Amino acid sequence: MARGKLRIYLGAAPGVGKTYAMLSEAHRRLERGTDCVVAFVEHHGRPRTEVMLHGLEQVPRRELDHRGAVFTEMDVDAVLARRPQVALVDELAHTNVPGSRNAKRWQDVEGLLAAGIDVVSTVNIQHLESLGDVVESITGVRQQETVPDEFVRRTDQIELVDMSPEALRRRMAHGNVYKPDKIDAALSNYFRPGNLTALRELALLWVADRVDEYLQQYRSEHRVSAIWGSRERIVVGLTGGPEGRTLIRRAVRLAEKGAGGEVLAVYIARSDGLTAASPKELAVQRTLVEDLGGTFHHVVGDDIPAALLDFARGANATQIVLGSSRRKAWQYVFGPGVGATVARESGPDLDVHIVTHEEVAKGRGLPVARGARLGRARLLWGWLVGLAGPATLAVLLTTVDLGLANDMLLFLTVTVAAALLGGLLPALASAALGSLLLNYFYTPPLHHWSIADPKNIVAIVIFVGVGVSVASVVDLAARRTQQAARLRAESEILSFLAGDVLRGETSLEALLERVRETFGMDSAALLERESDIAPWTCAGRAGAGKPVGRPEEADVGVPVGDRTALALTGRVLPAEDRRVLAAFAAQAVVVLDRRRLQAEADRARALAEGNRIRTALLAAVSHDLRTPLAGIKAAVSSLRSDDVEWSEEDEAELLEAIEQGADRLDHLVGNLLDMSRLQTGTVTPIVREIDLDEVVPMALGGIPEDSVELDIPETLPMVAVDAGLLERSVANLVENAVKYSPDGERALVSASAMAERVEVRVVDRGRGVPDEAKERIFAPFQRYGDAPRGTGVGLGLAVARGFAEAMGGTLTAEDTPGGGLTMVLTLRAAGSRAGPLDNHVPGGVPAGPVPVRPERRAS
């Protein structure tokens, strides 16, 4: 089935006429014979919009009850069953009432499109998800109903319904948008002229970008290579030289002269990836062009003029900005240069600007190889072969006559060997010494520094040329190999930074240690200060070297901003290492900031938790503690009253009420004190070996008779617990079970031994707790479901779990077979080894010897 097509009427604000335009389109389609229905349109009491609904078939809406009120939503199933050609769906970003088929209306539209039904809809620019923060900064209102940009971008047609702010405000003043009682508030708040102008600009720019996407897609599908100057796009050709910054600023000024101008900076690298461009300078230029609102592109191409023109035509650019050549005058013998070639081949539809700068005719300054790149051992062997080889070969050739041609080949072989081993300089020395020996010993006249036959001169020149060429190739290969190895090492380092550091997996000390190891330093430290005149302090350090107090005292100091610096001691680093070191320094500051933010977040979380607990305590004091106090006060006041003669039964009843209130107060205050001890970490259990039947019956002292059934086997091992904490835990669990047990059902308290642990199970037959809430019920001040006020402050289970964990045990919740909830209190058997309480085998068979209590008493 073909997917339906979506058409959206986009507006800058409510009231611009989106729904009216949609309904007008529906009437036009009906006149053409299209089967069109109204799936959902809200006229908001606007008479002109309501009139447009006349003559259109409307699919009945679905009624939904939510919180005692009845709402109507689009009936997606009814629309699918009706199966029209076109469905009108208003307010695309609307959030459906709970109980609807989908959470969002745009999801309903997606279902209609998937069924092959064309949809016409409406949406305001402020409802696009990506513009939520922008709209909030403009209007001060955060839009809760949004639609994903990707869904709107996949629209087949987008039509902008535009209206000037003045016209829209007049419509509102005439009562065509809102009711009279809302007009003044709307005009003075959301619908201010500045707000409407900014929203209108957002809508126009968004639609313009969408139109540009359509244009690029069309040009790509139809392979249009000609430039269509619908808007100014300026391409800046960068070489990685210092003149790039001047070119970028010049291009931005050109773009600002036209509406909607774009700047695209492009650097073209050769396919071998080995260029003379400075990565640091390219990074600076990338940052500059992005800060000025442009984009940076990296293109690979061996023919730079052709690659630049292909990129410009592919981007539908109208202008190219290039810098005047940095080549010296004599270098033009090798060709006209990139600028002249691009200007000649650009054609009439692409303007080329050649911008002068301070680096004109100063040369490109190609990098010169510095230092040994082949290793000391290879250099020594190269010099040995280059100097001793020709002399040894000359001695050997004096004993045999092979002819000049063979003699030259042998000397050439020695020169090539010196080049392969030692590079350029040993090969030059070998070629010079070999040519002299060939001239003196083997070129007529012999034993003279002269050459009689001109052909021999050519041969010797070729000999020297071949030797130098081979040596140059070896030296270039060595330099490229070193560059590749260095770039690979840098990429691995930067990959480490982009991975571990940015994911927050590396601490500051670990990062500084990595810096120290990478660059072979004695120590690395991150220094910071609060102000320009404040002393430096060490935020983090690695290594055993001498600590430094200021960046100036270090061998290498890399500033990061005005008040942070990375200081290293051990040796002075070359300039080429400082680029990667700067990246390390920047990431070290990021790690430091993240550590501080994490600490602040932890403090804020602790404060928030404390505030929540204090708020809950106040709520408990205000109601749950006040209720028994009020009952006690009323009973005492009644007993002390002289106006009423109380019977013995009445006095007993009032005294019982006082006693129950006091017990309840004692229980609540006890739980509050226990929770405060757990929160402050002052619970110190006194663990000793005891019998369960010594503690569990005592925990049932405040429970109504015949409400609990005990099943504590006499063969149970002793447990290592704090008797007081265990009693409070069991008491809270049993009280909770009795509270939620149905009338006539008794809670069950049973115990069993498994491996090195003992489990106490408190079982009720109540309504149970769903899986997603089983952990939440152990949080402080939580009551599950509709537990009535006055039944506690929600601390019983939290205290029970806290005491269980303080004794080294666990407390979890399970479903009771047949319905209800089972609290499982797991305790450590006496004499068991320390460790997690999960070392057991299936079937409850002990994994090792379990001590048995020496004597039993009747329970």
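Presented here is an overview of the structure given in this document.

How each quantity is defined
Residues numbered from 1 in each chain as written. Predicted model: local features only at pLDDT ≥ 70, side-chain atom pairs only at ≥ 80, totals over all residues. Heavy atoms only, no water. Helix = DSSP H or I, 4+ residues; strand = E, 2+ residues; numbered from the N terminus. Buried < 20%, exposed > 50% of the residue type's maximum accessible area, 1.4 Å probe, protein only. Contact = heavy atoms within 4.5 Å. Areas by Shrake-Rupley, 256 points an atom, 1.4 Å probe, with all protein chains shown as cover. Expected span 1.5 Å × (residues − 1). Arc of directions from axis to C-beta. Polar contact = N/O pair within 3.5 Å; in protein donor to acceptor, adjacent residues only side chain to side chain. Salt bridge = Lys/Arg side-chain N within 4 Å of Asp/Glu carboxyl O. Pairing = 2+ DSSP bridges. Axes fitted to C-alpha atoms, helices over the stretch in contact; angles between N-to-C directions. Right-handed = clockwise from strand over helix to strand, strands pointing away.

Moving on, we come to the overall build of the chain. Counting secondary structure elements, the chain contains 24 helices and 24 strands. Considering the chain as a whole, with its 859 residues, one finds that 41% of them fall into the buried category. For the chain, the proportion of contacts with a sequence separation of at least 24, taken over those separated by at least 6, is 70%. With an accessible surface of roughly 45600 Å², the chain has 55% of that area assigned to carbon and sulfur atoms.

Next up on the list: helix α18 (residues 508-519). The terminal C-alpha atoms of α18, which comprises 12 residues, lie 17 Å apart, in line with the 16 Å expected from a rise of 1.5 Å per residue. Taken together, the buried positions of α18 are Leu508, Leu511, Leu512, Val515 and Phe519. The buried side chains of α18 occupy one side of the element, clustering within an arc of 100° when seen end-on. A positive phi of about 65° marks Gly520, the residue just after α18.

Looking now at helix α4 (residues 105-114). Looking only at α4, the buried set comprises Arg105, Trp106, Asp108, Val109, Leu112 and Leu113. Across the axial projection of α4, the buried residues extend over an arc of 150°, all falling on one side. Once α4 finishes, Gly116 follows within two positions and takes phi at roughly 90°, a positive value.

When you line up the elements, Thr822 lands in strand β24 (residues 821-828). Within the local environment of Thr822, its side chain forms a polar contact with the side chain of Thr816, the two groups lying 2.6 Å apart. Apart from residues no more than four positions distant in its own chain, Thr822 is found in contact with Arg761, Val762, Val763, Thr812, Ala813, Glu814, Asp815 and Thr816.

The subject of this paragraph is the pattern of salt bridges. In this structure the tally under the stated criterion is 26 salt bridges. Taking the shortest distance from any N to any O, the salt bridge between Glu509 and Arg595 comes out at 3.3 Å. With Glu509 in helix α18 and Arg595 in helix α19 (residues 578-624), the pair connects residues that are 86 residues apart, well separated along the chain. The shortest N-O distance in the salt bridge between Asp602 and Arg605 comes to 2.3 Å. Here Asp602 and its partner Arg605 are both found in helix α19, three residues apart, which amounts to about one turn of the helix. Through salt bridges with shared partners, one network takes in Arg7, Glu25, Arg28, Arg29, Arg32 and Glu159.

On to the sheet that holds strand β9 (residues 233-238), then. Pairing is parallel across the open sheet formed by five strands, whose spatial order is β11-β10-β9-β12-β13. Each edge of the open sheet is held by one strand with a lone partner, namely β11 (295-300) and β13 (351-355). If you compare each strand with its neighbour and ignore which way they point, the axes differ by 25° on average. Note: β9 against strand β10 (residues 262-269), six bridges, orientation parallel. Within β10, the position partnered with Gly237 by the bridge is Val266. Across the face of the sheet, helix α10 (residues 244-256) comes into contact with β9, β10, β12 (319-323) and β13 while running at roughly 175° to β9. In this fold helix α12 (residues 304-314) packs onto β9, β10, β11 and β12, with an angle of close to 150° to the strand it touches most, β10.

Okay, the sheet that holds strand β21 (residues 747-754) next. Taken in spatial order, the five strands of this open sheet run β19-β21-β22-β24-β23, and their pairing is mixed. Single-partner strands in this sheet number two, and they are β19 (708-711) and β23 (810-815). Shown here is a sheet whose adjacent strand axes are inclined to one another by a mean of 20°, direction ignored. The pairing of β21 with strand β22 (residues 757-764) spans seven bridges and is classified as antiparallel. Bridging from a neighbouring strand, Ala753 pairs with Val758 of β22. Its contacts with the sheet place helix α23 (residues 723-740) against β19, β21, β22, β23 and β24, and it is angled at close to 170° to β24.

Turning our eyes to something else, we now look at the pairing of strand β2 (residues 36-40). Across the five residues that make up β2, a large majority, five, are buried. Strand direction decides the pairing type here: β2 and strand β6 (residues 86-89), joined by four bridges, are parallel. Bridging across to β6, Phe40 finds its partner in Val89. Once you follow β2 into helix α2 (residues 47-52) and on to strand β3 (residues 57-58), the crossover reads as right-handed.

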